[in-house]
Amino acid sequence: MAWEFRKLGPGESVAVEAQRDPFAAPKWAPPVWHMPEGLVLLVNLVRVLVRTVVFLVRNIVPVSLLSSLAWLGHRFGWTVPTVVLALLTMGLSGWALVDCPSFVRWVGRPALARWRLVRVYRRHWQPVLVTAGLTKVHKGREYLPSLVRVRCGPTSDRVLVKMLKGQAPDAWEDLTPNLAHGFGAALVRVRVGDRPGRVWLEFVRRDALAVPIPALPVPDASAVDLAGVEIGRQEDGSPWRLRLLGTHVLIAGATGSGKGSVIWSAIRALLPLMLAGLVEVWAVDPKRMELSFGRVLFERYGRYSDDPKGGMVDLLEAAAEDMNARAERFAGLTRSFTPSREHPFRVVLVDELAFLTAYCPERDLRKRAESALAVLTSQGRSVGYCVIGAQQDARKEVNNLRNLFPDRIALRLDEDDQVDMVLGDGARDRGALADQISSIPEIGAGVGFVRLETTPDPVRVRAAYVSDDDIRNMVALGLPDLDIEGAA
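Residues numbered from 1 in each chain as written. Predicted model: local features only at pLDDT ≥ 70, side-chain atom pairs only at ≥ 80, totals over all residues. Heavy atoms only, no water.

Draft legend 1. Region of the structure containing a nonpolar patch on the surface. There is a patch of nonpolar side chains on the surface, built from Met-35, Leu-39, Val-40, Leu-42, Val-43, Leu-45, Val-46, Leu-49, Val-50 and Val-54 and spanning about 820 Å² of accessible area. Checked against the element boundaries, Leu-42 lands in helix H1 (residues 37-58). (Patch = residues over 30% accessible without salt bridge, like charges linked within 9 Å, V, L, I, M, F, W, Y side chains within 5 Å. Areas by Shrake-Rupley, 256 points an atom, 1.4 Å probe, with all protein chains shown as cover. Salt bridge = Lys/Arg side-chain N within 4 Å of Asp/Glu carboxyl O. Helix = DSSP H or I, 4+ residues; strand = E, 2+ residues; numbered from the N terminus.)

Draft legend 2. The arrangement of the packing of aromatic side chains in detail. Enumeration according to the criterion identifies 9 aromatic pairs in this entry. Summarising the aromatic geometry, the rings of Trp-71 and Phe-76 are spaced 6.0 Å apart at their centres and angled 85° between planes, so their arrangement reads as edge-to-face. Taken together, a centroid distance of 6.3 Å and an interplanar angle of 40° make the contact between Phe-330 and Phe-337 tilted. An identical accessibility class is assigned to Phe-330 and Phe-337; each is buried. Three or more aromatic residues joined by ring pairs form one cluster here, namely Tyr-121, Trp-125, Phe-183 and Phe-203. For Arg-158, the ring lying beneath its charged end belongs to Trp-200, and the centroid distance is 4.7 Å. Seen from the ring of Trp-282, Arg-303 lies directly overhead, with NZ or CZ sitting 5.1 Å from the centre. (Phe/Tyr/Trp six-rings, centres within 6.5 Å; stacked < 30°, edge-to-face > 60°. Buried < 20%, exposed > 50% of the residue type's maximum accessible area, 1.4 Å probe, protein only. Lys NZ or Arg CZ within 6 Å of the ring centre and 35° of its normal.)

Draft legend 3. Structural detail: a positive patch on the surface. A surface patch of like charges, here positive, comprises Arg-149, Arg-151, Lys-162, Lys-165 and Arg-195. When you line up the elements, Arg-195 lands in the loop between strand S8 (187-192) and strand S9 (198-204). The partly exposed category is assigned to Arg-195, whose relative accessible area is 48%. (Lys, Arg positive; Asp, Glu negative; His and termini not counted. Charge placed at Lys NZ, Arg CZ, Asp CG, Glu CD.)

Draft legend 4. Expanded view of the sheet that holds strand S19 (residues 459-463). Pairing is mixed in the open sheet, where 10 strands are placed in the order S11-S10-S19-S18-S17-S12-S16-S15-S13-S14. Where the open sheet ends on each side, the last strands, each with one partner, are strand S11 (239-242) and strand S14 (302-305). This sheet shows a mean twist of 25° between the axes of neighbouring strands, independent of strand direction. Where strand S13 (residues 279-284) lies against S14, 4 bridges are found, and the strand directions are parallel. Residue pairing across strands places Val-281 opposite Gly-302, the latter belonging to S14. Against the sheet, helix H7 (residues 259-275) contacts strand S10 (229-234), S11, strand S12 (249-252), S13, strand S15 (345-350), strand S16 (385-391), strand S17 (407-410) and S19, and its axis sits at roughly 145° relative to S10. (Pairing = 2+ DSSP bridges. Axes fitted to C-alpha atoms, helices over the stretch in contact; angles between N-to-C directions. Contact = heavy atoms within 4.5 Å.)

Next comes the structure, spelled out in structure tokens:
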């Protein structure tokens, strides 16, 4: 039998059996190469050494600890390592009792992250990614994205992944349901990594915001920071601080989604500065329901209007006129605003923005209101004005000023396409599933997603619930000489 050797393309056989019949199909037969036994043993030895070094580097702390205990047991007997282990256990227990947060930060969470890296993510990494279609096969070789590190929080895991060359984060965002089911998580979000070519995968293990948050205590005036007033909690357990100074805030959500929780939590956080004369709240209340509980408070420490026949528009125009006067006075003198009694920080609060911009029956009032709001939102940030607007309808034809609100909050929405209308394009793909928030008040009221001007990644949050009694207590604190029962 004769053999013919020729140069072929990638993936093809190197040897072809020659055929006498020109019409017969060729029979491909790759050659067999006989390697020396010594070379085979050398290659396997190098592989074992490399894997051993990688294992020791990845597990340097437990390997060092076990090696030290083994050396102590061999040198002095097994009583010594037993005593060392007992002392170490007592020391860690004492640390956990004295300062539990630092123990959890430096010991508990790193240990949990290591455990979940080995038992959950590295164990199921290849089958899940292959099934999801995030691997590539080229010339018979499988290429797999790499696990870099795992960090564990109270309710979620953050997994840093090195993507394949030429892979984009969009490929991972489209397959988040596959990853969630594959690794047993309730939800998966894709975040921008620490460098190009990397992404963070946020695996949510449990919902930390399923239980309502009671009204937060009224803070001291010295503790209030207008760059971030605390109004609730973020999904990772940290406080949710809403920025007011130097921005405007748009709140969108369906009926019963908890817009009042966000509004009243912000007012509650500002109350000490309102009493000190450093903050004023000018409230516009078309619905005459939500903000009417604090009407006397707004009239004493700001302004209030619920007049649909022009009073609300007059209030907005007065705010725009005062803002222009303040800007003319500050021009050339300062570039940053600091509240004072002479020039307090003003929050223009509009409970139902769509009524003024779309639903008001008088066309002239709609145009005036939209013009005043446009002036306030486009020029008011630098001179101590903040507009907080709440609305139910997220469509652009209802409110074409939403791009003038740098910070936006999406509470429960009725449709999935409304998420991007409120938070911007791509927000839902990044994990802002506002259309899936529960309509049960005990579970979903006040829960939403925040997208700030400084970052494209939405953050899941929940505002504290301020009850009617809490509002009455706020009024009593701000107006101690008022007969609350008689006013009610």
